[in-house]
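Chain by chain, the residues:
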Amino acid sequence: MKRSIKDIEYEIVNQILISEICFDVCKSIPTIPGRGSDFLPFYHNLNFSKGIISLHSLLLSNLTDELSIKNYLKQHRFDFPNVKIDEFEAEIASISESFKNIFPLSLRHKIAAHIDQGFNHTDFTNAYIISDSVEKYISLIQNLKKSFFKFCNYAQNDYPFGRILEQTTDIVKMVVDKSDKNYQL
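Residues numbered from 1 in each chain as written. Predicted model: local features only at pLDDT ≥ 70, side-chain atom pairs only at ≥ 80, totals over all residues. Heavy atoms only, no water.

1. Considering the overall build of the chain
Moving on, step 1. From N to C terminus, the chain includes 8 helices and 0 strands.
Moving on, step 2. Looking at the chain residue by residue over its 185 residues, the buried ones come to 44%.
Moving on, step 3. The contacts of the chain with a sequence gap of at least 6 include a subset with a gap of at least 24, amounting to 76%.
Moving on, step 4. On the chain, roughly 10400 Å² of surface is accessible, and the fraction owed to carbon and sulfur atoms is 55%. (Helix = DSSP H or I, 4+ residues; strand = E, 2+ residues; numbered from the N terminus. Buried < 20%, exposed > 50% of the residue type's maximum accessible area, 1.4 Å probe, protein only. Contact = heavy atoms within 4.5 Å. Areas by Shrake-Rupley, 256 points an atom, 1.4 Å probe, with all protein chains shown as cover.)

Structural data, given as structure tokens:
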């Protein structure tokens, strides 16, 4: 089914924004030693997994039927053969390479595959305990957002998920406060 280039842009923009909020949520969750088997790493990794899966699809997918920036560029070249997009393609290639190099193993399948395995699997908590990778993904998603939004002429300040981050921060604070009280008893 053929979609218009604008429809594909809207979908990619949405995936970029979803990835951004996922990593922002991860950043709001404190890493507390010894908390490898409760809600905080579970919630962190749900968001982390969604962010990784979205970025992987956008930046690295070679499937012709998957939403990806590569497929978008192919469609863009077909629809607008006279528009020069070489510079944008180079930016995306650089961002894609950075994505591959941030974390030493593929988390797309490894962590996501363990979402339903309970809270005690070590692969499941890897992202929670290696929190510096979140900052790297936030930087990467900001670069991707800046490049893609500029190319598509979207407003850089478009952040429709701000309320989700506010609610998450409040919920995480309540969970931490409640569990701190339980541990003190």
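More follows now that the structure is in view.
2. Considering the pattern of salt bridges
Moving on, step 1. What the rule picks out here adds up to 6 salt bridges.
Moving on, step 2. A salt bridge links K145 to E20, with the shortest nitrogen-to-oxygen separation between them at 3.1 Å. Here the residue K145 occupies a position in helix α7 (residues 132-152), and E20 occupies one in helix α1 (residues 5-28), the gap between them amounting to 125 residues.
Moving on, step 3. Under the relative-accessibility criterion, K145 is labelled buried at 7%.
Moving on, step 4. E20 gets classed as buried once you look at its relative accessible area, which sits at 9%.
Moving on, step 5. Between E135 and K27 there is a salt bridge, with the nearest N and O atoms lying 3.6 Å from each other. Separated by 108 residues along the polypeptide, E135 in helix α7 and K27 in helix α1 bring together distant segments of the chain. (Salt bridge = Lys/Arg side-chain N within 4 Å of Asp/Glu carboxyl O.)

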